[in-house]
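Coordinate analysis (summary)
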Amino acid sequence: MKDKNLHIIQKTGANVCRFLLAASFIFSGFVKAVDPLGFQYKIQDYLTAFGVISWFPSFFPLLGGIILSAIEFSIGIFLFFGIKKTISTTLALVLMIFMTPLTLYLAIFNPVSDCGCFGDALVISNWETFFKNIVLSLAAIVTFIYNQRLFQCFTFRAYWFVALYAYLFGVGFAYYNYNHLPVIDFRPYKIGA
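Please read these numbers as outputs of a predicted model, since none were measured by experiment.

Cut-off values and rules
- Residues numbered from 1 in each chain as written.
- Predicted model: local features only at pLDDT ≥ 70, side-chain atom pairs only at ≥ 80, totals over all residues.
- Heavy atoms only, no water.
- Helix = DSSP H or I, 4+ residues; strand = E, 2+ residues; numbered from the N terminus.
- Contact = heavy atoms within 4.5 Å.
- Buried < 20%, exposed > 50% of the residue type's maximum accessible area, 1.4 Å probe, protein only.
- Axes fitted to C-alpha atoms, helices over the stretch in contact; angles between N-to-C directions.
- Parallel < 35°, antiparallel > 145°, perpendicular 65-115°, else oblique.
- Left-handed = near helix turned anticlockwise from the far one by under 90°.
- Nonpolar A, V, L, I, M, F, W, Y, C, P; charged D, E, K, R; others polar.

1. A short note on unusual backbone geometry
A positive phi is found at Lys 84, a non-glycine position, where the angle reads about 45°. In this structure, Lys 84 sits in the loop between helix H3 (60–81) and helix H4 (85–109).

Spelled out as structure tokens, the structure:
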């Protein structure tokens, strides 16, 4: 009985953390794809602040921004539907392991005014970003440890279709928005404001 209750608690906790991560990654990837040029400028700000802008070709910030937004969106979809549980929880954990110390550095030294995590849709301070990443890192650790307790929404045969569609949608949506900016305008001085 005690083991059964523990199993239920672990499964519930892991799935709550999984949906928290999924919502964050989907929202973050989506709003970055809505304004790929804005995300390009944010990447250029980062590269300039760290003094490495000259190391990369001029197309890198835009291409990197589109790919990163598609990867973030895809990880969120994978987590939401329980697709490739080991891979998606590992990728989420790796991203959080990288982003949390980076946001601590941003919070302490403030080389960039805001991290750009949620584009112009939700502008938060560097300290708020760091604390958000602490919560998401804890959620990533829980989902990584208990990834076999995550329930899945699709059979193994449908994994490839959902995975391919999520990534292609992320790239295609960002490309569409690049050509027809903006589909949804989160900027403070949008038309009509």
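2. Thoughts on the side chain of Ser 137
Looking at where Ser 137 falls in the secondary structure, it is placed in helix H5 (residues 126–145). Filtering out sequence-adjacent residues up to four positions away, Ser 137 remains in contact with Met 96 and Thr 100.

3. Quick notes on the environment of Ile 71
When you line up the elements, Ile 71 lands in helix H3. Overall, Ile 71 belongs to the partly exposed group, its relative accessible area being 33%. Placed 42 residues apart in sequence, Ile 71 and Ser 113 show a C-alpha to C-alpha distance of 24 Å.

4. Concerning the packing of H4 against H5
Closest axis-to-axis distance for the H4/H5 pair is 8 Å, and the angle between their directions is 155°. Viewed along their axes, H4 and H5 adopt a mutual orientation that is roughly antiparallel. The hand of the H4/H5 crossing is left-handed. Facing H4, whose interface residues are Thr 89, Thr 90, Ala 92, Leu 93, Met 96, Met 99, Thr 100, Thr 103, Leu 104, Leu 106, Ala 107 and Ile 108, H5 presents Asn 126, Trp 127, Thr 129, Phe 130, Asn 133, Ile 134, Leu 136, Ser 137, Ala 140, Ile 141, Thr 143 and Phe 144. A breakdown of the residues in the contact of H4 with H5 according to their chemical character gives 15 nonpolar, nine polar and no charged.

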